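Overview (structure and organization)
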Amino acid sequence: MDREPVMQRSPLRPVVRTLHAEQRRRLIPVRGLQFVSGTSLIVPYYHMVSDEDVPHVRHLYRFRSIKEFEADLEFLLRHFVPVGLNDVVALVDGRLTFPRPSFHLTFDDGFREVHDVVAPILRRRGVPATFFLATAFLDQRDIAHHNAISLVLDRLSRRSLRSHRDEIERIIPQSPAGPVDMMSRLSSISYRDRAVVDKIAAIVDLDLKQYLADSRPYLGSEEVRSLIRQGFTIGAHSHDHPLYRDLALADQIDQTKSSIDFLTAAFAIVERAFAFPHTDCGVGAEFFRTIFSTQIVSLSFGTAGLVPHFHRRNIERISMENTSAPAARILARQYARSLYHRCRSALSG
Ligand SMILES: [Zn+2]
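Below: a short report on this structure. These figures come from a predicted structure and were not determined experimentally.

Bringing empty space enclosed by the protein into the picture now. Here the structure, examined in full by the defined rule, presents one cavity of 30 Å³ or more. The volume enclosed by the largest cavity comes to roughly 40 Å³. Every residue along the wall of the largest cavity is listed here: D109, G110, L133, A134, F137, L138, Y218 and L219. Here the lining of the largest cavity is built from residues that sort into six nonpolar, one polar and one charged.

Before going further, it helps to examine the coordination of the zinc ion. Protein-derived coordination of the zinc ion comes from D109 (OD), H237 (NE2) and H241 (NE2), at a distance range of 2.0 to 2.1 Å. If you list the donors of the zinc ion from N- to C-terminus, the spacing comes out as D-x127-H-x3-H. H241 shares its class with H237; the two are buried.

Attention shifts here to the sheet that holds strand β1 (residues 41–42). If you walk across this open sheet you meet the three strands as β1-β4-β3, and the pairing is parallel. Only two strands of the sheet have a single partner each, and these edge strands are β1 and β3 (81–82). Sheet topology places β3 next to strand β4 (residues 102–103); two bridges connect them, and they run parallel. Bridge pairing in β4 places P82 opposite F103.

Moving on, we come to the pattern of salt bridges. By the definition in use, this model includes 19 salt bridges. R58 is the salt-bridge partner of D53, the closest N and O atoms lying 3.0 Å from each other. A salt bridge links R225 to E222, with the nearest nitrogen and oxygen atoms 3.3 Å apart. Of this pair, R225 and E222 both sit in helix α11 (residues 221–229), separated by three residues, roughly a single helical turn. The exposure class of E222 is partly exposed, given its relative accessible area of 47%.

Moving on, we come to the packing of aromatic side chains. Tallied over the entire structure, the rule returns 17 aromatic pairs. Plain terms: the ring middles of F276 and F288 are 5.6 Å apart, the flat faces sit at 50° to each other, and that makes the pair tilted. Remark: F288 occurs in helix α13 (residues 285–293) and F276 occurs in the loop between β8 (273–275) and α13; sequence separation between them is 12 residues. One exposure class covers both F276 and F288, and it is buried. In this structure, R194 packs its charged tip against the face of Y191, placed 3.8 Å from the ring centre. Taking the ring centre of Y45 as reference, the NZ or CZ of R317 above it sits at 4.5 Å.

Okay, the pairing of strand β5 (residues 105–108) next. Burial along β5 is two-sided: the face carrying L105 and F107 and the face carrying T106 and D108 are both buried. Of the pairings in the sheet, the one linking strand β2 (residues 44–46) to β5 comprises two bridges and is parallel in character. Pairing of Y45 across the sheet is with T106, part of β5. Note: β5 against strand β6 (residues 129–133), four bridges, orientation parallel. Residue pairing in the sheet places D108 in a bridge with F132 of β6.

Another point: helix α14 (residues 327–348). Between its terminal C-alpha atoms α14 stretches 31 Å, which fits the 32 Å expected from 22 residues at 1.5 Å a residue. By the burial criterion, the buried members of α14 are A327, I330, L331, Q334, Y335 and S338. Buried residues along α14 cover an arc of 130° about the axis, so they all sit on one side. In α14, the exposed residues that point more than 90 degrees away from the buried face are R333, L347 and S348.

Time to look at the side chain of S102. Tracing the backbone shows S102 in strand β4. At a separation of 2.8 Å, a polar atom in the side chain of S102 contacts the main-chain carbonyl oxygen of R100.

One non-glycine residue, V54, lies in positive phi territory at about 45°. For V54, the position within the fold is in the loop between β2 and α3 (66–79).

What counts and how
Residues numbered from 1 in each chain as written. Predicted model: local features only at pLDDT ≥ 70, side-chain atom pairs only at ≥ 80, totals over all residues. Heavy atoms only, no water. 1 Å grid on protein atoms, 1.4 Å probe; cavity = no way out; pocket = protein on both sides within 12 Å on 5 of 7 lines; lining within 4 Å. Points joined across faces, edges and corners; volume = space filled by probe spheres on them. Nonpolar A, V, L, I, M, F, W, Y, C, P; charged D, E, K, R; others polar. Donors = N, O, S within 2.8 Å, 3.2 Å for Na, K, Ca; no water. Buried < 20%, exposed > 50% of the residue type's maximum accessible area, 1.4 Å probe, protein only. Pairing = 2+ DSSP bridges. Helix = DSSP H or I, 4+ residues; strand = E, 2+ residues; numbered from the N terminus. Salt bridge = Lys/Arg side-chain N within 4 Å of Asp/Glu carboxyl O. Phe/Tyr/Trp six-rings, centres within 6.5 Å; stacked < 30°, edge-to-face > 60°. Lys NZ or Arg CZ within 6 Å of the ring centre and 35° of its normal. Expected span 1.5 Å × (residues − 1). Arc of directions from axis to C-beta. Polar contact = N/O pair within 3.5 Å; in protein donor to acceptor, adjacent residues only side chain to side chain.

In structure tokens:
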């Protein structure tokens, strides 16, 4: 069916409809880019938008300031139609096509700022979005190991490293192929070795539980309910944010199913959407076959950029972070990359 994407069940819908009319007059040759990429949908993803320091994130990646995020949004709304998660599911199901280039906005990790900073901006512009939460961290019950690493790095950047160096050196000795400097070694501690982060936090007098209580880095259940009431959608981002390719298949499925089941029971989410923590790279076909054939997941999202995935229900997304480049440049690079992939597969096919 070829109809205008709509946001059923969402109070954002009337505003979105107004934007559609506005954008009909302003669409640029993104149609050409749409042809190049072979897709009518792009799915940008963010984690954080803030003008604050955000110590649990600032050593991991560069995130957008409010002004930068608003500029991204302005660009996206000028060239694409915003669509909701239900429309994306309908597109993948073949019940809907997008006649114009469209975007669905997503945010990973369930940081409190998506409620406090992002949602008010999106509501003003009538833009739907999906927020993907790792359920172990909801209500500040625990801290993601990569956020704990950022806090350790923050602590070490503000205090003399010398007094702790020997102790930390014993815990994360330099490996032949690993990074030489200690800060890089700290940054590269994996999910599998997350207990090491707790040990180092204790050495630098970092009380992670106190940080959770004082700073409330993640969404609380009431804030999630508020986002849903405002018309936004919620998806799962695993239980505690592992790197999926390092997990056995049974653990991959358990992390996925337990987090979606939890959100369904707690918040009555309609679409069983899932976004891979870190990356979907290296996750095998059997995982995708299982989660979709058993309907554990209705739609999943990776982080590989504007390229097709081998499973049609897994949509790769475009990172809008780790760069100061404006949205126009990020997307131009993605379309160029997409064209390269299409040419290469056409030549090899
Ligand atoms: Zn994440």
